[in-house]
Amino acid sequence: MNAAVRAATRAALAQGWEVYGVRNGFAGLIADNMEPLRARDVGGIIQRGGTVLGTARCPEFREDAGRARALRNLARRAIDALVVIGGNGSQTGSRRLAGDGFPVVGIASTIDNDVYGTDVTIGVDTAVNITLEAIDRLRTTGASHQRAFLVETMGRDCGYIALIAGIAGGAEVIAIPEREVEPHEVAERLRAAYQRGKTHALVVVAEGARHDARALMRHFAEHRDALGFELRVTTLGHVVRGGVPSAFDRVLATRLGAASVDRLARGEPGVLVGLVGHDIVATPLADVAGRTKPIDMGLLDLARVLAQ
Ligand code: F6P
């Protein structure tokens, strides 16, 4: 997100505009917590994960009264446009503000990669790579000790991180909410891998799967013999949201930050800017809000074939 803050700030300054950074997302709009940003204020942040502006979940922004307060604060400061960097919740907020008549451009940013209107959201490439690094590291012990490892990664209700990191890491089983796998089926697949002569195995589970790491471990504890392998579990949790953003994420965020300002300069707000194919594309916020992007289920089938 910092790369997007930096790019939007500097692109807007290049237009001769004044720029404010809002602290803690919509909560900062309501609390009038914002301050001018100059070019130097966004220096040295492109390599830092998260956001230097801070972020917060803000239920008040769903209420008309909360948004009215935010709009009053913006008007008092003569701020006439807003760039909102965030996932589905944030872009639903953007849509509401746009519905109130305020010029907004959204930038899709979430590790879940479930925002409609973009192939990729800011942060997911880094999160996939962190998950993959964990998988690769766990394989070291798996291979040496002839064990199976179960890794749970984040993604809320979306299995994208688990799917992509699972494919890149050669997982034997990928369990995601979009296609649930029953615990006994995971056990059968591990057993089959063991019988085919595999010396170790990896299961990648998305946190949103009904049978998450904890549920699978409970089942496996009762059916230890069905696996063939000895099994260990690692839950990555918020680790996948931290660290140094990848080059891909920094460039994506930079392009989207600049594109958001371009839309405002052309007087065409009310959209989310995203990456579709190789191009930056604008999608009306009305089409984005309340919708999620599905994952490519063909990749899950492919992963299953390749796990043989
Ligand atoms: O939506 C991004 C995300 O990181 C999800 O993948 C995860 O389920 C959730 O946020 C974690 O939220 P919190 O930090 O509030 O626990």
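Residues numbered from 1 in each chain as written. Predicted model: local features only at pLDDT ≥ 70, side-chain atom pairs only at ≥ 80, totals over all residues. Heavy atoms only, no water.

*Asks:* Now, about the packing of helix H5 (residues 124-145) against helix H6 (residues 160-168): what can you tell me, with residues and values included?
*Replies:* H6 packs onto H5 with a crossing angle of 50 degrees between their chain directions and a minimal axis gap of 9 Å. Regarding the angle of H5 to H6, the classification is oblique. For the element pair H5 and H6, the recorded crossing hand is right-handed. Every residue of H6 that contacts H5 at Val124, Ala127, Val128, Thr131, Leu132 and Ile135 is listed here: Tyr160, Ile161, Ile164, Ala165, Gly166 and Ala168. Among the residues making up the contact of H5 with H6, the classes are represented as 10 nonpolar, 2 polar and no charged. (Axes fitted to C-alpha atoms, helices over the stretch in contact; angles between N-to-C directions. Helix = DSSP H or I, 4+ residues; strand = E, 2+ residues; numbered from the N terminus. Parallel < 35°, antiparallel > 145°, perpendicular 65-115°, else oblique. Left-handed = near helix turned anticlockwise from the far one by under 90°. Contact = heavy atoms within 4.5 Å. Nonpolar A, V, L, I, M, F, W, Y, C, P; charged D, E, K, R; others polar.)

*Asks:* Summarise the site of the ligand; cite the residues concerned and give the values.
*Replies:* Close to the ligand lie Arg57, Ile111, Asp112, Met154, Gly155, Arg156, Glu207, His238 and Arg241. Contacts to the ligand include aspartate 112, whose side-chain N or O atom sits 2.6 Å from an oxygen atom. One of the side-chain nitrogen or oxygen atoms of arginine 241 is found 2.7 Å away from an oxygen atom of the ligand. For the ligand, the accessible surface in isolation is 400 Å², of which the surrounding protein chains cover 72%. Here the shell around the ligand is built from residues that sort into 2 nonpolar, 2 polar and 5 charged. Shared between two domains, the shell around the ligand holds at least three residues of each, these being domain 1 (2-123 + 245-288) and domain 2 (126-242). (Near = heavy atom within 4 Å. Polar contact = N/O pair within 3.5 Å; in protein donor to acceptor, adjacent residues only side chain to side chain. Areas by Shrake-Rupley, 256 points an atom, 1.4 Å probe, with all protein chains shown as cover. Domains from an automatic or database assignment.)

*Asks:* Describe the nonpolar core, and please don't skip the residues or the numbers.
*Replies:* Membership of the largest hydrophobic core comes to 40 residues, with the highest contact counts inside it found for Ile122, Ile174 and Ile176. It is H5 that provides the largest number of residues to this core, a total of 6 residues. In this structure, this core is formed jointly by two domains, domain 1 (2-123 + 245-288) and domain 2 (126-242), each of which donates at least three residues. Grouped together as the second largest cluster of nonpolar side chains are 20 residues, Met34, Phe61, Ala70 and Leu285 included. (Core = buried A, V, L, I, M, F, W, Y, C linked by side-chain atoms within 4.5 Å. Buried < 20%, exposed > 50% of the residue type's maximum accessible area, 1.4 Å probe, protein only.)

*Asks:* So, the pattern of salt bridges: which residues are in play, and what are the values?
*Replies:* Tallying each qualifying case throughout the model produces 17 salt bridges. The partner of arginine 232 in a salt bridge is glutamate 230, and the shortest N-O contact between them spans 2.9 Å. The residue glutamate 268 makes a salt bridge to arginine 263 at a minimum N-O spacing of 3.5 Å. The exposure class assigned to glutamate 268 is partly exposed, which follows from its relative accessible area of 31%. Residues joined by salt bridges that share partners form a network here, namely Asp262, Arg263, Arg266 and Glu268. (Salt bridge = Lys/Arg side-chain N within 4 Å of Asp/Glu carboxyl O.)

*Asks:* Hey, could you go over the sheet that holds strand E4 (residues 104-108) for me, with residue numbers and the actual values?
*Replies:* Strand order in this open sheet of 4 strands is E3-E4-E9-E10, and the pairing throughout is mixed. Looking at which strands have only one partner, the edges of the open sheet turn out to be strand E3 (82-86) and strand E10 (279-284). Taking the axes of each pair of neighbouring strands and ignoring which way they run, one obtains an average angle of 30 degrees across the sheet. Pairing geometry for E3 and E4, over 5 bridges, is parallel. (Pairing = 2+ DSSP bridges.)

*Asks:* How would you sum up the packing of helix H1 (residues 2-14) against helix H9 (residues 247-265)? Please name residues and give values.
*Replies:* Running from amino to carboxyl end, H1 crosses H9 at an angle of 35 degrees, the nearest separation of the two axes being 7 Å. For H1 against H9, the interelement crossing comes out right-handed. On H9, the residues touching Ala3, Ala4, Ala7, Ala8, Ala11 and Ala12 of H1 are Arg250, Ala253, Thr254, Gly257, Ala258, Ser260 and Val261.

*Asks:* Tell me what's going on with the sheet that holds strand E6 (residues 173-175), and back it up with residues and numbers.
*Replies:* Strand order in this open sheet of 4 strands is E6-E7-E5-E8, and the pairing throughout is parallel. Strands with a single pairing partner mark the edges of an open sheet, and in this sheet they are E6 and strand E8 (230-235). On average, each strand axis in the sheet is inclined to that of its neighbour by 15 degrees, with strand direction left out of account. Where E6 and strand E7 (residues 201-206) come together, 3 bridges link them in parallel fashion. Across the sheet, the residue bridging to valine 173 is valine 203, located in E7.

*Asks:* Describe a nonpolar patch on the surface, listing the residues and the values that go with them.
*Replies:* Residues Leu302, Val305 and Leu306 make up a contiguous nonpolar surface patch of roughly 300 Å² in combined accessible area. Here leucine 302 lies in helix H11 (residues 297-306). (Patch = residues over 30% accessible without salt bridge, like charges linked within 9 Å, V, L, I, M, F, W, Y side chains within 5 Å.)

*Asks:* With reference to specific residues and values, describe the domain arrangement of the protein chain.
*Replies:* It is common to report an interface's size as the accessible area lost on association of the parts. If you check the domain split of the protein chain, you get domain 1 (2-123 + 245-288) and domain 2 (126-242). Using C-alpha coordinates to define each centre, domain 1 is positioned 35 Å away from domain 2. Across the contact, 9 residues belong to domain 1 and 10 residues belong to domain 2. In this assembly, domain 1 packs against domain 2 so that about 820 Å² is buried in total across both faces, 49% of it on carbon and sulfur atoms. Ionic pairing is found between aspartate 112 and arginine 156, a salt bridge with its closest N-O pair at 3.7 Å. Between the two partners, domain 1 and domain 2, sit 4 residue pairs in polar contact (both at pLDDT 80 or more). (Buried area = accessible area lost by both parts, 1.4 Å probe.)

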